[in-house]
Amino acid sequence: MSESTRPRVSITNLPAFGFETTLADEVHGVTVPWQGAPAPDPRVLILNDDLARSLALDPASLRTPEGAGVLSGSIPLAETATVAMAYAGHQFGNFVPLLGDGRALLLGELRDDRGRRVDLHLKGSGATPFSRGGDGRAVVGAMLREYLISEAMHALNIPTTRSLAVVTTGEQVLREGGPQPGAVLARVASSHLRVGTFEFAARREGLAQTLADYAIARHYPAFADLPAEDRYLAFFEAVVEAQASLVAQWMSVGFVHGVMNTDNTTISGETIDYGPCAFLDAYDPATVFSSIDHGGRYAYGNQPAVLGWNLARFGETLLPLVSSTPDAAITALTAVLDSYGDRYRQHYSASMALKLGLGDSGVDAALVDDLHRLLTDHHTDWTLTFRALADNLRGHSSPFDSLVPPDASANWLKRWRTAVSVDGQNLSSVADGMDRVNPAYIPRNHLVDAALNAATEGDLEPFESLLEVVTSPFDRCGEWSTYAAPAPQSFSAGFQTFCGT
Ligand code: AMP
Ligand code: MG
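Everything numeric in this text was worked out from a predicted model, so none of it was measured. (Residues numbered from 1 in each chain as written. Chains lettered and ligands numbered in written order. Predicted model: local features only at pLDDT ≥ 70, side-chain atom pairs only at ≥ 80, totals over all residues. Heavy atoms only, no water.)

**Quick look at the overall build of the protein**
Put simply, the test is: Under the scheme used here, helices are H or I runs from DSSP no shorter than 4 residues and strands are E runs no shorter than 2 residues, and both carry numbers assigned from the N terminus. The quantity called the radius of gyration is restricted to C-alpha atoms. Its globule counterpart is 2.2 Å times the number of residues to the power 0.38. Exposure categories follow from relative accessible area, calculated using a 1.4 Å probe and restricted to protein chains: below 20% of the type maximum is buried, above 50% is exposed, and the middle band is partly exposed. Here a residue-residue contact requires only that any non-hydrogen atoms of the pair lie within 4.5 Å. Per-residue accessibility takes into account occlusion by the displayed protein chains alone, with areas from the Shrake-Rupley method and a 1.4 Å probe.
Looking only at helices and strands, the protein has 20 helices and eleven strands in total. For the protein, the C-alpha radius of gyration of 23 Å lies close to 23 Å, the compact-globule estimate for 501 residues. The buried share among the 501 residues of the protein stands at 58%. Considering only contacts within the protein whose residues lie at least 6 apart along the sequence, 73% involve residues at least 24 apart. For the protein, the accessible area works out to roughly 19900 Å², and carbon and sulfur atoms hold 52% of it.

Here it is, written out as C-alpha cells:
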C-alpha cells in the first residue's frame, strides 16, 4: 500500500484539531495528497506548550502516544487530507525546476489566538514524491537545532516560523557520521509559500495568478480588491518590504541563515528553514559557517545582496500578471525592485540607531561604518559590543575596553557619546533602552553544539537550559554568565555547520 492510501484513523482520545485546507482546495497543482511514513515508536521529546495553547491545542493530549503519532505524521488523521507541497527554486544560483516537500507534510491550517491562519507542517515525516532520492527523514540533533534557533529568533522579535514539537520516531537514520536517532519537527508558519512556489507556478499555465491571489488574500488582504494592474505590483512591493525588514533584523543580531536559496525565502517575510544557520561571534562580514557554501555566496555580509537577487527572481514570476505588455511589466517591477536597497538601508539604519541608543534621532552612516571597521579590526564579539556600550553609558568602561583597546576606540566612543547626549537625555535610561533591544544571550555556536550532542546521546538537560536562556534574551541574569560568553577561540576557528540534516 502506498503512503498516500494507508487508511486514515479517527483518534478517539485526541480532540479534533479543526484543520482547514484552503491551499489545497483553492490552488490546484501546488500540492499532492500525501501521508507520513509509519514510525515504530513516536514520542514527544519537546513540546511548546504556550504555542500549542495559542493554537487551541491541548498540550497534554499532544503528549499522548496518539498525539506523538499525529505530530510525527505516522498516524494519518481522518479529519483532514494532508499534502506535500511542490515548489521550485534557485539553489546557490542554479535553477531547479522541481524541489518540493521532500521530507515534509502539511498537516493542515489552524487559526492562532489572534485569528490568523497558520500552517502546521512536519519535517522529517518520510519520503514524498518530491524526495529526489533522499530518505525523507530528519535526525534529532538537526530538528532540535531548528526548534532552538527559531524560538530564539521569535524571542528576539524577529519574524520566523515557530516550533511546536520535536518527536522522536524510534528509528535510526543513517547520516554521514553514522546512524542517528530519527525525529520529526512540527512547525508553525503563517504559510509555507516561498519564492520557489511562485517559480514553480510561473511555469504552469494560469497557476501563478491563482497562487498570487491566494497569497494576497492570506498575507496582504488589503490588496485583494485592487484592480489587477495595481494588485500584483502592490503585492510585490509588500514582499520586498517585508523581506528587506527581515534581513535587516538578521543583520542586526548577527544571524547567518546559511542557505538563502529562493525556496527558503518566504512570501510572508518570516525566517524559514534553520539548516546550517548560526550567529556571528566576532564581527566579520565574510563569516560563512556552512560547510557547503564554498564560495561564500551566503556569507553574513552578502545576505542583503542575495536577498535582492532572490526578490528579482520573485519579480520575474509576476511579470505576466503585472501587465500584458512585457516592457511595461518590466519597467513597473524594476522600479519596485530598485527600491529594495534603500528599504534595506533604512531598516538597518533604524535598527542600528536603536541598538546604539540613538532611537528616533537616527544614526549617522559614518558612525555605523566606523564601528563596523573597529569591530572587524579587533575581532570583537558583535553581541557583547552593544551590552558593553550600554555599560559604558552607565559609567562602567571596562566591559567595552576589554573588547576594543581604548586607544583604538577613544575617538569613536567620543563621537557616539556626543550623539547620544545631543538631546540632553538621561544616560542611564538610554542604556536601559539599549538593553531592551540588544540581546545578552544568543544561541552561541559552542553551546548549541554541546546541547545537541548531549540530546543526541539522550541527555536533554543542556538543551532545555539553553532554550530557557535564549528565549529570554534581554534579561541579564547573573547565573547565566557562561551563556553570554563567546566561544573559546579554539572552537570558533574550526566551527562549521552541516546540511546533512
Ligand atoms: P532545505 O535545504 O532543507 O531547504 O531542503 C532543500 C530541498 O531538499 C527540499 O526540497 C527538501 O525537501 C529536500 N530534502 C532535504 N533533506 C531531505 C531528505 N533527507 N530527504 C528528502 N528530501 C530532502
Ligand atoms: Mg528549504
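Moving on from the coordinates now.
**Concerning the packing of helix 9 (residues 303-322) against helix 10 (residues 326-338)**
Cut-off, in case you're wondering: Note on geometry: axes are C-alpha line fits, over the in-contact stretch for helices, and angles between N-to-C directions span 0 to 180 degrees. With respect to orientation, any angle under 35 degrees is reported as roughly parallel, any angle over 145 as roughly antiparallel, any angle of 65 to 115 as roughly perpendicular, and every other angle as oblique. Handedness of each helix crossing follows the sense of rotation of the near helix against the far helix: counterclockwise by less than a right angle gives left-handed, clockwise gives right-handed. Any residue outside Ala, Val, Leu, Ile, Met, Phe, Trp, Tyr, Cys, Pro, Asp, Glu, Lys and Arg is labelled polar, Gly included; the first ten of those are nonpolar and the last four are charged.
Packing of helix 9 against helix 10 leaves a shortest axis separation of 9 Å and a crossing angle of 150°. Accordingly, the angle class assigned to the pair helix 9 and helix 10 is roughly antiparallel. The two elements helix 9 and helix 10 cross, and the hand of that crossing is right-handed. Counted together, G308, L311, A312, G315, L318, L319 and V322 of helix 9 and A329, I330, A332, L333 and L337 of helix 10 form the full contact between these two elements. Looking at side-chain class alone, the contact of helix 9 with helix 10 contains ten nonpolar, two polar and no charged residues.

**Some words on the side chain of E199**
For clarity, the threshold we go by: Asp and Glu count as negative and Lys and Arg as positive, but His and the ends of the chain are not part of the count. Counted as salt bridges are all cases of a side-chain nitrogen of Lys or Arg within 4 Å of a carboxyl oxygen of Asp or Glu. N or O atoms closer than or at 3.5 Å make up a polar contact, with two conditions inside protein: a donor-capable atom paired with an acceptor-capable one, and, for residues adjacent in sequence, both atoms drawn from side chains.
You can see E199 is positioned in helix 6 (residues 195-201). Buried charged residue E199 carries no salt bridge. Nearest counter-charge: R203, at 5.4 Å. Side-chain polar atoms of E199 contact the side chain of H90, separated by 2.6 Å. In this structure E199 touches A88, G89, H90, F95, T262, R313 and T317, once residues within four positions along its chain are discounted.

**Description of the domain arrangement of the protein**
Going by this rule: How far each domain reaches was decided by an automatic or database domain assignment. For any pair of parts, buried area is found by adding up, for both, the accessible area (1.4 Å probe) each one loses once the two are put together.
Along its sequence, the protein is organised into domain 1 (22-189) and domain 2 (195-348). Here the C-alpha centre of domain 2 lies 23 Å away from the C-alpha centre of domain 1. Tallying the contact residues gives 37 residues for domain 1 and 36 residues for domain 2. Roughly 3000 Å² is buried in total at the junction of domain 1 and domain 2, and carbon and sulfur atoms are behind 63% of that figure. There are four salt bridges connecting domain 1 and domain 2. Among the salt bridges present, the one from R187 reaches D273, with a minimum N-O distance of 2.8 Å. Put simply, domain 1 and domain 2 have 15 residue pairs in polar contact (both at pLDDT 80 or more) between them. Elements that contribute at least two residues to the side of domain 1 that touches domain 2 include exactly helix 1 (22-26), strand 4 (89-91), strand 7 (117-123), helix 5 (140-155) and strand 9 (178-189). In terms of residue count, helix 5 provides more of the side of domain 1 that touches domain 2 than any other element does, five residues in total.

**Digging into the coordination of the magnesium ion (ligand 2)**
Filter applied, for reference: In this analysis a donor is any N, O or S atom within 2.8 Å of a metal ion (3.2 Å for sodium, potassium and calcium), and since water is not included, sites may seem incomplete.
Bound to the magnesium ion (ligand 2) are the protein donor atoms N264 (OD1) and D273 (OD), situated 1.7 to 2.2 Å from the metal. Each member of the pair, N264 together with D273, is buried.

**Considerations on the pattern of salt bridges**
Under the counting rule described, the total for this entry stands at 30 salt bridges. Across the pair D435 and R387 runs a salt bridge, and its minimum N-O distance is 3.4 Å. With D435 in helix 16 (residues 427-437) and R387 in helix 13 (residues 382-393), this pair connects stretches of sequence that are 48 residues apart. Among the residues examined, D435 registers a relative accessible area of 11% and is labelled buried. A single network of salt bridges, built from pairs that share partners, joins E20, E109, R111, R117, D119 and R218.

**A word on helix 10**
For the record, the criterion: Given a helix with a known number of residues, its expected span is that number minus one, times 1.5 Å. Comment: arc refers to directions from the helix axis out to C-beta atoms.
Over its 13 residues, helix 10 extends 18 Å from the first C-alpha to the last, a length consistent with the 18 Å expected when each residue adds 1.5 Å. Regarding helix 10, the residues found buried are A329, L333 and V336. One side of helix 10 carries all its buried residues, which in axial view fall inside an arc of 55°. Every exposed residue of helix 10 that faces more than 90 degrees away from the buried side is listed here: D327, T331 and D338. Each element contacted by the buried residues of helix 10 is listed here: helix 8 (228-253), helix 9 and helix 11 (340-355).

**Thoughts on the site of ligand 1**
This is how the line gets drawn: Proximity is defined per residue: any heavy atom of the residue falling within 4 Å of a molecule or strand makes that residue near it.
Around ligand 1, the surrounding shell holds 16 residues, and the nearest of these are G100, G102, D135, G136 and D273. Within the backbone of G102, one N or O atom sits 2.7 Å away from an oxygen atom of ligand 1. In isolation ligand 1 exposes 490 Å². Once the protein is present, 82% of that is buried. Residue classes in the shell around ligand 1 are distributed as two nonpolar, seven polar and seven charged.

**A word on the side chain of R117**
Residue placement: R117 occurs in strand 7. A distance of 3.1 Å separates polar atoms of two side chains, one belonging to R117 and the other to E20. Among the polar contacts listed, one links the side chain of R117 to the side chain of E109, at a separation of 3.1 Å. With residues near it in sequence (within four places) discarded, R117 still touches E20, T22, E109, L110, R111, S190, Y214 and R218.

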